[in-house]
Amino acid sequence: MSRVQNLTVGLDEGDQRLDRWIKRRFAHLQQGGIEKMCRKGEIRVDGGRVKTNTRVEVGQKIRIPPLPDANEVDERPRDMTKADIQLIQGCVIYKDDHVIALNKPAGLPTQGGSKQLRHVDGMAEALRFGYDEKPRLVHRLDKDTSGVLILARTRMAAKSLTDAFRHRNTEKIYWALVAGVPIPKLGSVKYGLVKQGGHGGKGDNERMKCVHPKDVDKTFGAKRALTNYTVLTSLADRTAWVALTPVTGRTHQLRAHMAEIGHPIVGDGKYGAQAVQDNPGDGWGAGMGEEIGRKLHLHARSLRIEHPETGKELWIKASLPPHMGKTWSFFGWEEKHAPDDPFEGLL
């Protein structure tokens, strides 16, 4: 066990998330452990309490509490199996000297957490492809959401891409299968979002509650959110294939917004089970019957962003995951039937 350390952010370490700075200094620490130390106030920046996503700058002082030695850590990164390596390398849909893009599978977390040892960040060791360091995450997708996930292969690329996401200089289009058919078929959802307090052992802190736009400013912790949607096709009035673009990037934004307007995403047990709808799916979220799988039907279809080196537009598209592909086939829908940019000229 080490002693308390007070470290200074070096000249080449500024403008990055605190958790990433810590992982590069203390590679044996896991995300869940870092989050716990931040929650307890054991890790501090210039004397103040912080979160894992707090950005650190050159010259700041970081307080690090006593840490276990590498051989004392319970949740050590699991050794990557041949199957893991094949899985993550098989997800690569674009690669150059600066950027790697994955089609992330549904069910694979972007980052680790408590007792979660199998995740993209950990498996990124298999994505070095000759580089000295593994590629860096610059954004994330929910565990059960599939689709385009970009990683930076260099520190400069990471800074550029992170800035683009932070300043919303990106265009993200998601595909989803929703219960019912939204009316109007082209519209915007402007409800704000706030974390909903939880109770009991598991709590409910990962769930977001929608707040009417006029009440956002007077609701503590609420943030404004905006989602644009358009219906691409539908099956009578039972279900619809919709394209969604999050203008803002709040936690569970698309899932909470679609449930709030009465059209939850199929397979969404967190938000779909409590939505205002006819839900014969025995509580698992916008149930569509035995023919349709119960996995979340939400896919990050495409991402447009400025390339960190060339400055040219980088447009990455990801094909549907197996469970959504099966659903599309059942309904007779094909990916090629959808325009690349379904919002072009409409909003």
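In the nomenclature of an unreviewed UniProt entry, the protein is known as Pseudouridine synthase of Octadecabacter antarcticus 307. In the Sequence similarities (unreviewed entry) part of its UniProt record, the protein is described as follows: "Belongs to the pseudouridine synthase RluA family." Under Function (unreviewed entry), UniProt gives the following word-for-word description of the protein: "Responsible for synthesis of pseudouridine from uracil."

The next subject is the overall build of the protein. The number of helices and strands found in the protein is seven helices and 18 strands. For the protein, buried positions account for 48% of its 347 residues. Intrachain contacts of the protein at a sequence separation of at least 6 include 64% that bridge at least 24 residues. As displayed, the protein offers around 17600 Å² of accessible surface, 48% of which is attributable to carbon and sulfur atoms.

Leu102, Leu244 and Leu298 are the most contacted members of the largest nonpolar core, which has 30 residues in total. Counting contributing residues per domain, this core is built from domain 2 (82-170) and domain 3 (173-302 + 324-337), each supplying no fewer than three. The next biggest cluster of nonpolar side chains, apart from the first, holds 17 residues, and it includes Val9, Trp21, Met37 and Cys38.

Across the sheet, four strands lie side by side as E1-E6-E3-E4; this open sheet has antiparallel pairing. Sheet topology places strand E1 (5-8) and strand E4 (48-49) at the edges, where each strand pairs with a single neighbour. The sheet contact formed by E1 and strand E6 (residues 61-64) spans four bridges and is antiparallel. By the bridge assignment for E6, Asn6 is matched with Arg63.

Moving on: the environment of Ala126. Tracing the chain through its elements places Ala126 in the loop between helix H4 (120-123) and strand E9 (136-137). In sequence terms Ala126 and Ile85 are 41 residues apart; their C-alpha atoms lie 5.9 Å from each other.

It is worth spelling out the UniProt feature "active site" (unreviewed entry) in the protein at this point. Those residues carrying the UniProt feature "active site" (unreviewed entry) are Asp142 in this numbering. Those residues in contact with Asp142, other than ones at most four positions away along the chain, are Lys104, His252 and Arg255.

This paragraph deals with helix H2 (residues 31-39). Within H2, burial applies to Gln31, Gly32, Ile34, Met37 and Cys38. Gly41 sits one or two residues past H2 and shows a positive phi near 80 degrees.

What counts, and where the lines are drawn
Residues numbered from 1 in each chain as written. Predicted model: local features only at pLDDT ≥ 70, side-chain atom pairs only at ≥ 80, totals over all residues. Heavy atoms only, no water. UniProt positions renumbered as here; feature names shortened; annotations may be inferred. Helix = DSSP H or I, 4+ residues; strand = E, 2+ residues; numbered from the N terminus. Buried < 20%, exposed > 50% of the residue type's maximum accessible area, 1.4 Å probe, protein only. Contact = heavy atoms within 4.5 Å. Areas by Shrake-Rupley, 256 points an atom, 1.4 Å probe, with all protein chains shown as cover. Core = buried A, V, L, I, M, F, W, Y, C linked by side-chain atoms within 4.5 Å. Domains from an automatic or database assignment. Pairing = 2+ DSSP bridges.

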